[in-house]
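One letter stands for each residue in the lines below.
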Amino acid sequence: IAGITQAPTSQILAAGRRMTLRCTQDMRHNAMYWYRQDLGLGLRLIHYSNTAGTTGKGEVPDGYSVSRANTDDFPLTLASAVPSQTSVYFCASALGGDQPQHFGDGTRLSIL
Amino acid sequence: AQSVTQLDSQVPVFEEAPVELRCNYSSSVSVYLFWYVQYPNQGLQLLLKYLSGSTLVKGINGFEAEFNKSQTSFHLRKPSVHISDTAEYFCAVIPGGSQGNLIFGKGTKLSVKP
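Described in the following lines is the structure provided in the data block. The model shown is predicted, which means the values in this text are computed figures rather than measured ones.

Regarding the overall build of chain B
Each helix and strand counted, chain B has zero helices and 12 strands in total. Walking chain B from its N terminus toward its C terminus, one meets helices and strands in the order β-β-β-β-β-β-β-β-β-β-β-β. Relative to its length of 114 residues, chain B is compact, with a C-alpha radius of gyration of 14 Å against a globular reference of 13 Å. For chain B, the spread of C-alpha atoms along the three principal axes comes to 45 × 30 × 20 Å. Here chain B holds 114 residues, and the buried ones make up 46% of them. Taking the contacts inside chain B whose residues are at least 6 apart along the sequence as the reference set, 55% of them involve residues at least 24 apart. About 5,600 Å² of surface is accessible on chain B, with carbon and sulfur atoms providing 50% of the total. Of the side-chain charges in chain B, 9 are positive and 8 negative, and the distance between the mean point of each set is 7 Å.

This is how it looks when you write it as structure tokens:
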């Protein structure tokens, strides 16, 4: 079934550790996005990529990095996790910048 | 900067009653508008979208929304809700001429009671 796969589905991590959240899509979408969802704050954009080989910063990029080596994959890395990065992380993709975004099921991350 | 306001954080209704979830956005030359639904422990699913054309947009699950440019609103409606509509609903905007990044409202939790 075509769509977006995120891994892991959940993770508990010690502060200071490095963590990479994986996101893969098989819809050949050009654009991909990473959001974090926190209670009362809705979804906030962390980083985005309009096409393979390019990335951009969203609203809350500090402490996170991304790469887009190919069309399908868009990993999000926390270089040194902090408790404030405890959140639910969603990856999304879209055919183009003005098209509806399709979301994965999320990764629930707890930093202790 | 563009912003999206969902006026109600929670909306409780009884089954088979009509519902309206309100959404206003800050003005822009042009915008693309979306409503997403999130069921518990799931990702977001597109309900409907307005890109251009008719201001009344019909989506999945019997929902519809009306784009009102003068009032900068995009309210979501359903004439008769079901228990299964219990979820959180997000209004989102892509400002015209932007990178295409969605700006989300903070969500409205719809609780449908029997």
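Having seen the structure, we can now continue with the description.
Topic: the environment of T9 of chain A
Residue and element names in this part refer to chain A. Relative to the elements of secondary structure, T9 occurs in the loop between β1 (4-7) and β2 (10-13). Residue classification places T9 among the exposed residues on the basis of a relative accessible area of 59%. Along the sequence, T9 and R68 sit 59 residues apart, while their C-alpha atoms lie 21 Å from each other. Those residues in contact with T9 that lie beyond four places of it in its chain are G106, T107 and R108.

Quick notes on the pairing of strand β10 (residues 87-95) of chain B
Residue and element names in this part refer to chain B. When you tally the buried positions in β10, you get nine out of nine residues, the bulk of the element. In terms of strand pairing, strand β5 (residues 31-38) meets β10 through eight bridges, oriented antiparallel. Pairing of Y32 across the sheet is with I94, part of β10.

Structural notes on the pattern of salt bridges
Opposite charge on two side chains permits pairing when their charged atoms draw close. All names here are of chain B. Taken as a whole, this structure holds eight salt bridges over all chains when the rule is applied. A salt bridge links R22 to D8; its shortest N-O distance comes to 3.0 Å. Placement of the pair is R22 in the loop between β3 (19-21) and β4 (23-25) and D8 in the loop between β1 (4-6) and β2 (10-14), with a sequence separation of 14 residues. The class of R22 is partly exposed, set by a relative accessible area of 33%. Between D85 and K78 there is a salt bridge; the shortest N-O distance is 2.8 Å. For D85, a relative accessible area of 3% gives the class buried.

A few points about the pairing of strand β8 (residues 64-68) of chain B
Residue and element names in this part refer to chain B. Here β8 shows a clear split, with A65 and F67 buried on one side and none of E64, E66 and N68 buried on the other. For strand β7 (residues 56-58) and β8, the ladder comprises three bridges, and the chain directions are antiparallel. Its bridge partner being in β8, L56 is matched across the sheet by E66. Bridge count between β8 and strand β9 (residues 73-78): five bridges; the pairing is antiparallel. Across the sheet, the residue bridging to E64 is R77, located in β9. Hairpin connection of β8 to β9: four residues between the antiparallel strands, including T72 at a positive phi of 45°.

Calculation rules
- Residues numbered from 1 in each chain as written.
- Chains lettered and ligands numbered in written order.
- Predicted model: local features only at pLDDT ≥ 70, side-chain atom pairs only at ≥ 80, totals over all residues.
- Heavy atoms only, no water.
- Helix = DSSP H or I, 4+ residues; strand = E, 2+ residues; numbered from the N terminus.
- Rg over C-alpha atoms; globule rule 2.2 N^0.38 Å.
- Buried < 20%, exposed > 50% of the residue type's maximum accessible area, 1.4 Å probe, protein only.
- Contact = heavy atoms within 4.5 Å.
- Areas by Shrake-Rupley, 256 points an atom, 1.4 Å probe, with all protein chains shown as cover.
- Lys, Arg positive; Asp, Glu negative; His and termini not counted.
- Charge placed at Lys NZ, Arg CZ, Asp CG, Glu CD.
- Pairing = 2+ DSSP bridges.
- Salt bridge = Lys/Arg side-chain N within 4 Å of Asp/Glu carboxyl O.

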